[in-house]
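Architecture at a glance
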Amino acid sequence: MLKRFSALVLAGVTAFAMAGCGSGSGGSGGSGDGKIVMGFSQVGAESGWRTANTKSVQESAKAAGIDLKFSDAQQKQENQIKAIRSYIQQKVDVIAFSPVVESGWDTVLQEAKSAKIPVILTDRAVDSKDTSLYRTFLGSDFIEEGKKAGQWLVDQYKDSKDPVNIVQLEGTTGSAPANDRKTGFQQVISADPKFKIIASQSGNFTRAEGKQVMEAFLKSNPKIDVLYSHNDDMALGAIEAIEGAGKVPGKDIKIISVDAVHDGMQALADGKINYIVECSPLLGPQLMDLAKKVVKGEQVPARVVTQETTFTQDQAKQALPSRKY
Amino acid sequence: MTAFLGPFLRHRLFWPVVILVGLLLLNLVFTDNFFHVEMKDDHLYGSLIDIFRFGAPLILVSLGMTLVIATSGIDLSVGSVVAISGALACLQISDLGNQNSVGGVLSAVGVALLLSLVLGAWNGLLVAGVGIQPIIATLILMVAGRGLAQLITQGQIITINSSPYKLIGGGYWLTVPFGIIIVIAVLALTAFLTRRLALGLLIESVGGNAEASRLAGIGSRAVIITVYTFCALCAGIAGLMISSNVSSADGNNAGLWIELDAILAVVIGGTPLSGGRFSLGGTVLGALIIQTLTTTIYSIGVPPQTTLLFKALVVTIVCLLQSPAFRAKVFHRRRRPAGAPPVAEEKVRVSA
């Protein structure tokens, strides 16, 4: 507890100090000494995924010799806009940020553009019509994740003629990952009519709701072969529901999930989940590469997809000891 | 016919019961085996059991909320207290050498509930001691509390593996889900304190007019602090249940928006937001209606995009049926002309 309290105090002091240098030395951020200065504004620390994301950015900045100015927006757009303005004042070489929300960025991005500071979006997109406001968007392709999940299913059942009854736990209704993971999955499995999604409900990306929805699925659908969950947490909740119903997760009901957070990987290694499509937060190294190119003035693609993989049960056992999150 | 049904029709809980039965009938038509309850691995298993099991935390929070609303207050912070209590208990259990030790789990539960009591007393002091409007006073903890929960969990989901803790929200005792037993115990205790002892009358009196009550010699301040503390305790227990059910604490999402569901449950149950009168039975019915609605949506497969609309529709119907003025207009012709208008009846009636 004490450790946490002191961490909080430290964070407060750091924020203070940062605000202090923001007002003073305008020239400190310049590229005079050849070291690139990057201002990074993070969404917050709302999940293990996000924490790993933050760590990845900080560590790879150090490794790449980039001077990182980091700020945590605590889920608030106004904090993020403030941070970006302070980076513009400090004349950093490049600004990167994960937008809390999609809209409302035009003004501040215009300011960055006028100051000739390139902007890189990470993980989440903005809905600005004017794509010249940022150089590139680095993040996961959720449709591709859905497709990978569907492809595994198609491969698993390629020799079988029987109908496959699928239930789906969707993410928060209307969110980009939920929409896209559903679409991608659908695109792949719809080629074969034996795959039937017999029930699909939102579990809001949480364990508690995943469990509750799965309980209802189990009662209203006597025969479920496969569960496709839009993230690991809902799958973990559903596993409890399946066990409570006297069935064996991973055997009686096969489970496909997306994310590959630690608890999910553990369940995969334990044989309770069958397949996980990674949605990697470790985009730091790619971000630093892009930053270097952008600062040099090289052309970069407008959309860069995070390098991601997939995990089977055996791969999970091998990967688990060295996982960072 | 009308003469026979009259007393039932006029009972305050008649319409909530009608709605609950209506929702269950909807399931009878659309869902196979909805009413089927069987024994599986030595415990009861079925959709009806699920409604009670998943509804238990909401019933608890709503019970606390009922008493707060009866004093014409409101507590927006219950969702945050749910998150804090679950997070603190899970953090302590995760630090235990042996997560299955009953003593360690009990002390973790004790500390979590103690903190809930402190948070409730804080709310009560802000409202009764400092005189801040309840909606603002509890808004402070609603916002700050979520931050506190995240601080406790360090923004991570704490996963534990403790069978004694699992019992609270996910276990069974004598084939019955343990959560239901906790709810019955809390309900019985609350009913005894408020209906057998004078506490209920004092609460209603403070809700009716705090100043007049004070002048009549009732310690309004103490009563208000007591109900907020009780409300936070209920939320704390609910928080333990929710985290225990999934063996993990999620500072971000545990109990999110439960305060709104609880307020809705209280209102559906016939307790007016203006205070001065409350019905514990009505609140339990209200919470069960909300949980049945959720389970119904999952069971009959309402598409996720229309879930909120469907919920809104049902809630609107419930509220309309609960409104005496609306009923008087719509059902007027069916009633005996001599029957007393329900409006007058609602005002005169003192809670049983």
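Since this is a predicted model, take the numbers as computed values, not measurements.

**Observations regarding the overall build of chain A**
- When helices and strands are tallied, chain A shows eleven helices and twelve strands.
- For chain A, the proportion of its 325 residues judged to be buried stands at 49%.
- Summarising the internal contacts of chain A: among those between residues at least 6 apart in sequence, 74% fall at separations of at least 24.

**A word on the sheet that holds strand β11 (residues 303-305) of chain A**
Residues and elements named next belong to chain A.
- Pairing is parallel in the open sheet, where six strands are placed in the order β2-β1-β3-β4-β5-β11. Only two strands of the sheet have a single partner each, and these edge strands are β2 (67-72) and β11. Ignoring which end each strand starts from, the neighbouring axes of this sheet average 20° apart.
- The pairing of strand β3 (residues 94-97) with strand β4 (residues 119-122) spans three bridges and is parallel.

**Observations regarding the confidence of the model for chain A**
Residue and element names in this part refer to chain A.
- Looking at chain A, pLDDT values average 87 and 89% of them are 70 or higher.
- The least confident element of chain A, judged by mean pLDDT, is helix α1 (residues 2-23) at 47; the most confident is strand β8 (residues 226-229) at 97.
- Note that residues 12-31 has pLDDT below 50 and, in this model, 15 contacts with residues that lie over four places away or in other chains.

**Remarks on the domain arrangement of chain A**
- Per the domain assignment, the segments of chain A are domain 1 (30-140 + 281-307) and domain 2 (142-279).
- One C-alpha centre belongs to domain 1 of chain A, the other to domain 2 of chain A, and the line joining them spans 33 Å.

**What about the environment of L63 of chain B?**
Residue and element names in this part refer to chain B.
- Here L63 shows up in helix α3 (residues 47-70).
- A sequence separation of 111 residues divides L63 from L174, and the C-alpha atoms of the two residues are 25 Å apart.
- Look past the residues within four positions of L63 in its chain and what remains in contact with it is V186, L187, T190, C234, L280 and T283.

**Digging into unusual backbone geometry**
Residue and element names in this part refer to chain B.
- Its identity as a non-glycine residue notwithstanding, D41 has a phi of 45°, on the positive side.
- With respect to the secondary-structure elements, D41 resides in the loop between β1 (38-40) and β2 (43-45).
- A tally of 11 C-beta atoms within 10 Å means that D41 is categorised as exposed.
- Within the chain, D42 stands out as a residue other than glycine whose phi angle is a positive 65°.

**So, the confidence of the model for chain B**
- For chain B, per-residue confidence averages 89 on the pLDDT scale, and 93% of positions sit at 70 or higher.
- Overall fold confidence for the complex sits at a pTM of 0.83, while the interface term, ipTM, reaches 0.86.

**Points about the pairing of strand β7 (residues 195-202) of chain A**
Residues and elements named next belong to chain A.
- Bridge count for strand β6 (residues 164-170) against β7 is seven bridges, and the pairing is parallel. Paired with L169 across the strands is Q201, a residue of β7.
- Between β6 and its parallel partner β7, the chain crosses via helix α6 (residues 176-189), and the hand of that crossover is right-handed.

**A closer look at the interface of chain B and chain A**
- Of the residues lining the interface, 28 residues belong to chain B; the matching set on chain A comes to 28 residues.
- Elements with a minimum of two residues in the side of chain B that touches chain A: α3, β3 (157-159), α11 (220-245), β6 (248-250), α13 (280-300) and α14 (304-322) of chain B.
- A per-class count over the side of chain B that touches chain A returns eight nonpolar, 15 polar and five charged.

**Here's the deal with the sheet that holds β7 of chain A**
Residues and elements named next belong to chain A.
- Spatially, β7-β6-β8-β9-β10-β12 is the arrangement adopted by the six strands of the open sheet, whose pairing is mixed. The open sheet has two edge strands, β7 and β12 (310-312), and neither has a second partner. In this sheet, adjacent strand axes meet at a mean angle of 15° when their direction is disregarded.
- In the packing of helix α7 (residues 207-220) onto the sheet, contacts are made with β6, β7 and β8, and the angle to β6 comes to roughly 150°.

**A short note on α11 of chain B**
All names here are of chain B.
- When the terminal C-alpha atoms of α11 are compared, their 38 Å separation across 26 residues agrees well with the 38 Å that a helix rising 1.5 Å per residue should span.
- The buried fraction of α11 is high, at 24 of 26 residues.
- Of the residues flanking the end of α11, it is S247, one or two places downstream, whose phi is positive at about 50°.

About the thresholds
Residues numbered from 1 in each chain as written. Chains lettered and ligands numbered in written order. Predicted model: local features only at pLDDT ≥ 70, side-chain atom pairs only at ≥ 80, totals over all residues. Helix = DSSP H or I, 4+ residues; strand = E, 2+ residues; numbered from the N terminus. Buried ≥ 20, exposed ≤ 12 C-beta atoms within 10 Å, placed from the backbone. Contact = placed C-beta atoms within 7 Å. Pairing = 2+ DSSP bridges. Axes fitted to C-alpha atoms, helices over the stretch in contact; angles between N-to-C directions. pLDDT = per-residue confidence, 0-100. Domains from an automatic or database assignment. Right-handed = clockwise from strand over helix to strand, strands pointing away. Nonpolar A, V, L, I, M, F, W, Y, C, P; charged D, E, K, R; others polar. Expected span 1.5 Å × (residues − 1).

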